[in-house]
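Per-entry structural report
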Amino acid sequence: MTDIPAATPRSRVRVPLRFGDGYSVDSELVTFHGLTDGQEHVAVVLGEPGPTPLVRLHSECLTGDVFGSARCDCGPQLREAVERIAERGGVLLYLRQEGRGIGLYNKLDAYALQEQGLDTYAANTALGLPEDDRDYTAAAQMLKALGIDSLDLLSNNPDKAGQLRDLGIDVHDRVPTGVFTTAHNVRYLRAKVLQTQHTLPLGELTELNVG
């Protein structure tokens, strides 16, 4: 277990959320002092969090979250997570980690290499960048500042659960998200399964990729 510096809540503000499909929900956005990476991450508190709240660590994706890109599943995952967390009570941490931590411009450069046949991880490597440069220390700080030290994690990514546990957060259960496939993101999702053991149905993705 790693000892990490304490962060503290900086501000709390009520923000009603509304999505393009008409779904709306009230939320509380929390900002923080003392995050180790100096980024402006934000916690979105939804519903009434209980002793083991449902939590998602959602990495910022401008192309997917804002523009609705079909090259990833980030936008649909964000929409799903907000509703599922609101129903149960919990927190969505919106983390400023565009492109698995490499930044927007580098992510778009990687997209160009993917159009030449590389998968999402190989494209990062070809650019001299890590396959996944995300560190969840700030996420653990945010959770502890909110008084959360035990949770169920809404994620297909085992690395998120592993890092949180190493940082002193009790991840009781890892709850898979839905599977959001398009004609443009099947190779991307398949690479997640093969390269980083995401819990997605590989058989279905294989059939879609071949078809």
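Now for a description of the structure that goes with this document. Note that the structure is a prediction, hence the values are computed from the model and not measured.

Another point: the overall build of the protein. A tally of regular secondary structure across the protein gives eight helices and seven strands. Within the protein, residue pairs in contact and separated by at least 24 positions form 61% of the contacts whose partners lie at least 6 positions apart. Surface exposure of the protein reaches about 10,300 Å², of which carbon and sulfur atoms provide 50%.

With that out of the way, let us pick up unusual backbone geometry. It is generally the case that most residues other than glycine have a negative phi and that most peptide bonds are trans. With a phi angle near 55°, R100 is a residue other than glycine that sits in the positive phi range. Turning to its location among the elements, R100 is positioned in the loop between β5 (90-95) and α3 (104-114). On the basis of relative accessible area, R100 is assigned to the buried category, the value being 11%.

One open sheet holds the seven strands; their spatial order is β1-β2-β3-β5-β4-β6-β7, and the pairing between them is mixed. Since the sheet does not close on itself, it has two edges, and those belong to β1 (8-18) and β7 (170-175), each with one partner. Shown here is a sheet whose adjacent strand axes are inclined to one another by a mean of 30°, direction ignored. Sheet topology places strand β3 (residues 42-46) next to β5; five bridges connect them, and they run antiparallel. Within the sheet, the bridge partner assigned to L46 lies in β5 and is G90. Docked against the sheet, helix α2 (residues 74-88) engages β1, β2 (24-33), β3, β4 (54-59), β5, β6 (150-154) and β7, running at close to 160° with respect to β4. Contacting β4, β6 and β7, helix α6 (residues 158-166) crosses the sheet at an angle of about 170° to β7.

Residues L57 and L93 are the most contacted members of the largest nonpolar core, which totals 27 residues. At the level of elements, β2, β3, β4, β5, α5 (137-145), β6 and α6 are the ones that each hand at least two residues to this core. Take this core: its biggest share by element is six residues, from α5. When neighbours within four sequence positions are excluded, L57 is seen to be in contact with L93, L95, Y136, A139, L153, K160 and L164. Membership of the second largest hydrophobic core comes to 16 residues, among which are V25, V82, L92 and V175.

Throughout the structure, instances matching the rule amount to nine salt bridges. A salt bridge links K107 to E98; the shortest N-O distance between them is 2.5 Å. For E98, a relative accessible area of 8% puts it in the buried group. One salt-bridge network, held together by shared partners, links D21, R79 and E83.

What counts as what
In every chain, residue numbers begin from 1 and rise along the written sequence. Local features are withheld for residues below a pLDDT of 70 in this predicted model, meaning they are given only at 70 or higher, and side-chain atom pairs are given and counted only at 80 or more; totals for whole chains, interfaces and linings count all residues. Based on all heavy atoms of the structure, the side-chain values leave hydrogens and waters out of the count. A helix here means a DSSP run of H or I that spans at least four residues, while a strand means a run of E at least two residues long, and both kinds are numbered starting from the N terminus. Only heavy atoms enter the contact rule, under which two residues are in contact if any of them lie within 4.5 Å. Each accessible area value is a Shrake-Rupley result obtained with a 1.4 Å probe; residue values ignore everything except the protein chains displayed when judging cover. With a 1.4 Å probe rolled over the protein chains alone, any residue whose accessible area is under 20% of its type maximum counts as buried; one over 50% counts as exposed, and the rest are partly exposed. Note on pairing: two strands pair once DSSP finds at least 2 bridges between them. As a rule, the C-alpha atoms of each element are fitted with a line to give its axis, helices using only the stretch in contact, and angles between N-to-C directions run from 0 to 180 degrees. We call a set of buried residues a nonpolar core when its members are Ala, Val, Leu, Ile, Met, Phe, Trp, Tyr or Cys and they connect through side-chain atoms within 4.5 Å of each other. By definition here, a salt bridge exists when the distance from a side-chain nitrogen of Lys or Arg to a carboxyl oxygen of Asp or Glu is within 4 Å.

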